Each structure stands twice: as C-alpha cells, then as structure tokens.
Amino acid sequence: MSNESNSLNKYLAIKRQCYYEYHFDPLQLPQDSGYSPTLIGKLKKEAEGGNDIPYRLECALSYLSGCATNGCESPEIALYYLDPLIYPQWDTDVVLDRHYIASLPETTQPEQITRAHSLAAYAYLKKYYATEEERQRIAQHALSYPRNGTQADILDPLDNIIRAASHANWVASMRMMTHAALSAGFAFRAVSEFLGVNFEEYSHFQALRRALDQRDKEMREIECQARISAGHPLPDPRVCAGPTCEVKPLEMHKITVVPCDGRCPSYMKPSYCSHQCRESDWAKHRAICSPRASSEDLPPNTIKLNSKESRRRLLAYMRSMEPIDPLENLDFVPYRDSEEGSRAGSRNGRVLFAMDMPSSFGSNEAGRYAMKYYE
C-alpha cells in the first residue's frame with residue numbers, strides 16, 4: 001500500500017475516532033470522501049473571512065493522518081492549528097463551564113469545539129506513545145511550527161498524557177464521548193494507577209471518570225454475553241471456581257466459598273474458597289470483572305515515569321486543580337422548537353447553546369439537545 005493510500009485510510013479512521021460518539025454504528029456514519037487539498041483551499045478562504053474553525057480542524061486532521069506531509073504523521077503541527085480553538089487558559093485547565101460557553105461567538109458550533117478537543121486528546125496521546133524516531137520528528141516540526149510557549153516540554157510523556165486526559169475530560173463533559181477521548185482516558189487512568197495515584201478521587205475529572213466507568217460496564221456486559229452465546233456455563237455460587245482448586249465438588253458444603261467482590265455482573269459472579277483459587281482464575285475472570293489497563297499493559301515510555309519525581313509531579317498537578325464539578329449548574333435537556341435561535345430564552349434555565357448529538361451515554365439515537373444554565 002502506498003503512503004498516499006495509507007494516509008487516506010488514516011485520515012478517515014482518525015476522523016471517525018475524533019468526530020463521532022463511540023456508540024455510533026460505523027455503517028451509519030456520514031460517508032466521507034476523505035482528504036481533499038481543494039477543500040482545504042476553500043476553507044482557507046472562508047477562514048480569511050473570519051470563520052477559521054473548519055479550516056483549523058481540517059488542517060489538524062491532515063497533519064495527524066500524514067496526508068499533508070507525505071505520509072509523515074505530525075501531532076505537533078496538528079496542535080499548532082488546534083491551539084487557538086481550545087480553552088483560553090490553554091489545555092491543562094480545560095474545564096467546561098458556563099463562562100467559557102458564554103464567551104463563544106454566536107456563530108460557534110459547540111460540536112466543532114468538542115471535535116477540536118477530541119483531536120487534541122488524540123494528538124497528545126500520539127506524542128505520549130511516540131517512539132524515539134517519532135520524538136525526533138516532533139522536535140523538528142516544533143521548530144518550523146512554534147506554538148508560542150503553549151507547552152514547555154513538548155516531549156515530556158507525563159505532561160502529554162495529562163494534557164490528553166484534560167481534553168478527553170472536556171469531550172466527556174459535552175456528553176459526546178469519542179473513541180479518541182476514551183483511549184486518552186484509559187491511558188491516563190493506567191498511568192495514574194502505575195504511579196500509585198488514584199485520579200478517581202479528584203472531582204475535576206468527574207465527567208471522564210463517569211465515561212470510563214460506563215465503558216467498563218459495557219465491556220463487561222459484552223464479554224458476559226459472548227461467553228453465554230458460546231455456551232459457557234454460569235458460575236455456581238456454591239462451588240469454588242478456581243481451576244486448580246483441590247476441594248472436590250461433593251465436599252464444597254464443608255468449606256466457605258466467598259463470591260468475587262469485583263464489578264462483575266451478579267449472574268456471572270464466581271465464588272472462591274481461597275485467595276490462591278481467585279488468583280489462579282484471574283486471567284480468565286478479569287475480562288468480566290475489571291477490563292482495564294494494568295501495569296503490564298502500559299507502553300514502553302511509561303517505564304520512564306516510574307519514579308518518585310513523576311509521582312510527585314502528577315500529585316502536584318492533581319492537587320492544583322480546583323475541586324469543582326465540570327457540569328455544576330449545567331444540564332443537557334431535549335431542545336424545544338420555541339427556543340430555536342435564542343440563548344436567553346426559557347425561564348426554566350438559560351439556553352447556552354443547542355446541538356445535534358446522541359442521547360447521553362449508551363444510545364445510538366441522535367436528537368437535538370440544549371445545554372442550559374440554572375441560576
């Protein structure tokens with residue numbers, strides 16, 4: 001496959017990962033003709049007239065996929081185009097609040113800003129996973145496309161994963177969770193656990209935590225249904241599920257078996273007579289109990305973070321954030337036609353904006369929703 005063809009495929013794949021809610025069926029997504037220099041030229045002319053958001057999004061996509069650089073993916077150049085679209089305090093302070101929403105121009109489409117944050121999460125995650133060769137290329141691109149001090153150390157893996165998670169949190173706050181935002185969230189959760197920091201204790205990641213927990217639940221249910229379809233028997237709560245258990249089934253009544261205390265569904269919850277039996281069954285049971293990254297799943301560059309200094313930095317960052325709910329006094333509700341075109345309407349909350357989106361986590365059904373602020 002040629003570099004050009006490979007880049008076009010990546011362009012479409014990245015667009016699907018960053019532009020659409022992850023529950024959407026790929027077959028139902030809009031048909032996209034892919035990368036087009038002609039389209040970028042057209043959008044550039046529109047940008048000169050004041051509406052530069054579509055142009056910047058398209059440029060970011062073209063550099064992330066390598067379409068604009070002969071197959072060479074460039075997350076750093078993509079961020080150069082995305083920086084002006086994201087939160088004014090730059091991207092480590094990304095929190096969805098009414099002040100930010102109210103500051104957006106009347107012509108701004110919130111889904112476009114959400115896609116910008118989703119692309120940013122993808123770009124920072126790419127830099128976090130970068131190989132040594134890719135890191136050298138990123139440094140070269142940074143010289144040609146300086147980002148005016150937006151990021152002090154563009155190659156710092158800890159800083160990159162923090163920024164990826166911050167953007168993923170913004171996307172989650174908008175109730176439009178994408179595959180890119182999920183990947184960034186899971187990676188950040190794994191790094192946090194690897195360093196002994198529980199990011200779930202910090203309220204400013206509440207939206208991201210909620211989205212990851214929902215996806216964990218879905219993954220467990222998918223695995224359970226797959227096992228049932230394959231004819232696997234349901235666990236007997238009276239019998240130890242340990243594959244190496246030495247207690248015979250007929251003698252189980254003489255001992256105490258304890259059900260798994262994990263997050264597995266009750267109808268698939270095994271019981272064990274000892275800690276050793278649970279450990280011996282963990283490789284099989286984990287997929288329906290805790291389908292999440294662990295230290296052995298982490299990418300190679302995470303090894304560089306395994307130090308007291310990295311843990312201190314991550315804790316300092318987490319504690320520096322104000323403990324706020326990203327959706328405090330904000331809510332998504334079905335949009336009424338009578339409110340069309342008005343940000344000030346409705347006595348039952350002030351309409352900040354409206355957009356077409358799937359209903360909150362777990363549905364393919366799209367509809368028009370409004371974000372309201374309640375005094």
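Everything here concerns the structure above.
Report on the accompanying structure.

About the cut-offs
Residues numbered from 1 in each chain as written. Predicted model: local features only at pLDDT ≥ 70, side-chain atom pairs only at ≥ 80, totals over all residues. Heavy atoms only, no water. Helix = DSSP H or I, 4+ residues; strand = E, 2+ residues; numbered from the N terminus. Buried < 20%, exposed > 50% of the residue type's maximum accessible area, 1.4 Å probe, protein only. Contact = heavy atoms within 4.5 Å. Areas by Shrake-Rupley, 256 points an atom, 1.4 Å probe, with all protein chains shown as cover. Phe/Tyr/Trp six-rings, centres within 6.5 Å; stacked < 30°, edge-to-face > 60°. Salt bridge = Lys/Arg side-chain N within 4 Å of Asp/Glu carboxyl O. Axes fitted to C-alpha atoms, helices over the stretch in contact; angles between N-to-C directions. Parallel < 35°, antiparallel > 145°, perpendicular 65-115°, else oblique. Nonpolar A, V, L, I, M, F, W, Y, C, P; charged D, E, K, R; others polar. Left-handed = near helix turned anticlockwise from the far one by under 90°. Expected span 1.5 Å × (residues − 1). Arc of directions from axis to C-beta.

Let us look at the overall build of the chain. Assigned secondary structure in the chain consists of twelve helices and five strands. Residues classed as buried in the chain amount to 51% of the 375 residues present. Within the chain, contacts between residues separated by at least 24 positions form 69% of all contacts whose residues are at least 6 apart in sequence. As displayed, the chain has an accessible area near 18900 Å², and 50% of this comes from carbon and sulfur atoms.

If you walk through the whole model with that rule in mind, you get eight aromatic pairs. Through a chain of ring-to-ring contacts, three or more aromatic side chains come together here, namely Y55, Y63, Y80, Y81 and Y145.

Before going further, it helps to spend a moment on the pattern of salt bridges. If you walk through the whole model with that rule in mind, you get 17 salt bridges. Two residues, E73 and K10, come together in a salt bridge whose shortest N-O distance is 2.2 Å. With E73 in the loop between α3 (53–65) and α4 (75–82) and K10 in helix α1 (residues 3–19), this residue pair connects regions lying 63 residues apart in the sequence. Judged by relative accessible area, which is 18%, E73 ranks as buried. Bridged by salt links that share partners, the residues E76, D83, K127 and R147 form one connected network.

Here helix α8 (residues 157–173) crosses helix α10 (residues 206–229) at 80°, and the two axes come no closer than 7 Å. The orientation of α8 relative to α10 falls into the category roughly perpendicular. Residues A165, A168, N169, A172 and S173 of α8 form the contact with α10, whose participating residues are Q206, A207, L208 and A211. Its residues assigned to classes, the contact of α8 with α10 shows six nonpolar, three polar and no charged.

So, about the packing of α8 against helix α12 (residues 308–320). For any two helices packed against each other, the geometry is given by the interaxial angle and the distance between the axes. Taken N-terminus to C-terminus, the directions of α8 and α12 make an angle of 30°; their axes are 11 Å apart at the nearest point. Regarding the angle of α8 to α12, the classification is roughly parallel. The two elements α8 and α12 meet at a crossing, and its hand is right-handed. The residues of α12 that touch α8, namely those facing L158, D159, I162 and S166, are S310, R313, L314 and Y317. When grouped by side-chain class, the residues that make up the contact of α8 with α12 number four nonpolar, two polar and two charged.

This brings us to α12. Given a rise of 1.5 Å per residue, 13 residues ought to cover 18 Å, and the 18 Å separating the end C-alpha atoms of α12 matches this to within 8%. Taken together, the buried positions of α12 are S310, L314, L315, Y317 and M318. Projected down its long axis, α12 shows its buried positions confined to an angular sector of 160°, all on one face. Opposite the packed face of α12, turned more than 90 degrees from it, sit the exposed residues K308, R319 and S320.

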